[in-house]
Amino acid sequence: MNAIYERRERVRFGHCDPAGIVFYPRYFEMLNALVEDWISEGLGISYAELLGPRRVGLPTASLNTDFKRISRMGDELVQRVAITRLGRTSLTLHVEFAGSDGLRVAFDQVLVCTSLQTHRPQEFPADLRAALTTAQEAQGVNPS
C-alpha cells in the first residue's frame, strides 16, 4: 500500500471488550479519528473549521471493512491512509491498521463532500481539492 499518511496508535483499555480484544465498533471510532487527523495534519486543512465555520461536511457514504486479526490492549497499530479515487464530490480511501504480525483490519471508505446547510453533495472547496490532488500525486496516483 502506497500510503499518503501514517501514524501509530496504542490499543487502550477503552478500546477492548471483556474478552480483552478490540471491540469492533472501536475500530470505526479509530478510523474516524484517523481521517480527521489526516485532513488536519496531513492535508493542512483544519477539520474543525471545515465542519464549523465553513459548514463543509465529509460524511461516509460507503464503508467496507475486512477484519483480519484481533488486536489486544497494548498493541501498537500502524494506521495508513491512501487515496484510491478522487472525484468531483467524493473521495475513496483505502485505510489499513497493521500490528507487528501483519494486517489487523482494512477499510475502503467513500466520503462525500456536502454542504452542512443543505446536506446535499457539493464540489470540494478549492483548497481541499488542491490538497487532495497534491497528496494523490505524492502517492504516485494520477488524479481522477
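Before reading on, note that the structure itself is shown above.
An account of the accompanying structure is given in this report.

**Regarding the overall build of the protein**
Along the protein, the regular secondary structure elements total three helices and seven strands. The N-to-C order of helical and strand elements in the protein reads β-α-α-β-β-β-β-β-β-α. Its C-alpha radius of gyration of 16 Å places the protein within 12% of the 15 Å reference for a compact globule of 144 residues. C-alpha atoms of the protein, sized along the principal axes, occupy 45 × 35 × 25 Å. For the protein, the proportion of its 144 residues judged to be buried stands at 42%. A fraction of 66% describes how many contacts in the protein between residues 6 or more apart in sequence connect residues 24 or more apart. Surface accessibility of the protein: about 7,600 Å² in total, with carbon and sulfur atoms responsible for 48%.

**Re empty space enclosed by the protein**
Inspection of the entire model under this criterion finds one cavity of 30 Å³ or more. Estimates place the volume of the largest cavity at around 30 Å³. Those elements that place two or more of their residues in the lining of the largest cavity are helix 1 (24-42) and helix 3 (126-139). Per-class residue counts for the lining of the largest cavity are eight nonpolar, no polar and no charged.

**Topic: helix 1**
Note: α-helices contain 3.6 residues per turn, so residues at a spacing of three or four share the same orientation. For helix 1, which comprises 19 residues, the first-to-last C-alpha distance of 26 Å matches the rise-based estimate of 27 Å (1.5 Å per residue) to within 8%. Among the residues trailing helix 1, Gly 44 stands out with phi positive, at a value near 75°.

What counts and what doesn't
Residues numbered from 1 in each chain as written. Predicted model: local features only at pLDDT ≥ 70, side-chain atom pairs only at ≥ 80, totals over all residues. Heavy atoms only, no water. Helix = DSSP H or I, 4+ residues; strand = E, 2+ residues; numbered from the N terminus. Rg over C-alpha atoms; globule rule 2.2 N^0.38 Å. Buried < 20%, exposed > 50% of the residue type's maximum accessible area, 1.4 Å probe, protein only. Contact = heavy atoms within 4.5 Å. Areas by Shrake-Rupley, 256 points an atom, 1.4 Å probe, with all protein chains shown as cover. 1 Å grid on protein atoms, 1.4 Å probe; cavity = no way out; pocket = protein on both sides within 12 Å on 5 of 7 lines; lining within 4 Å. Points joined across faces, edges and corners; volume = space filled by probe spheres on them. Nonpolar A, V, L, I, M, F, W, Y, C, P; charged D, E, K, R; others polar. Expected span 1.5 Å × (residues − 1).

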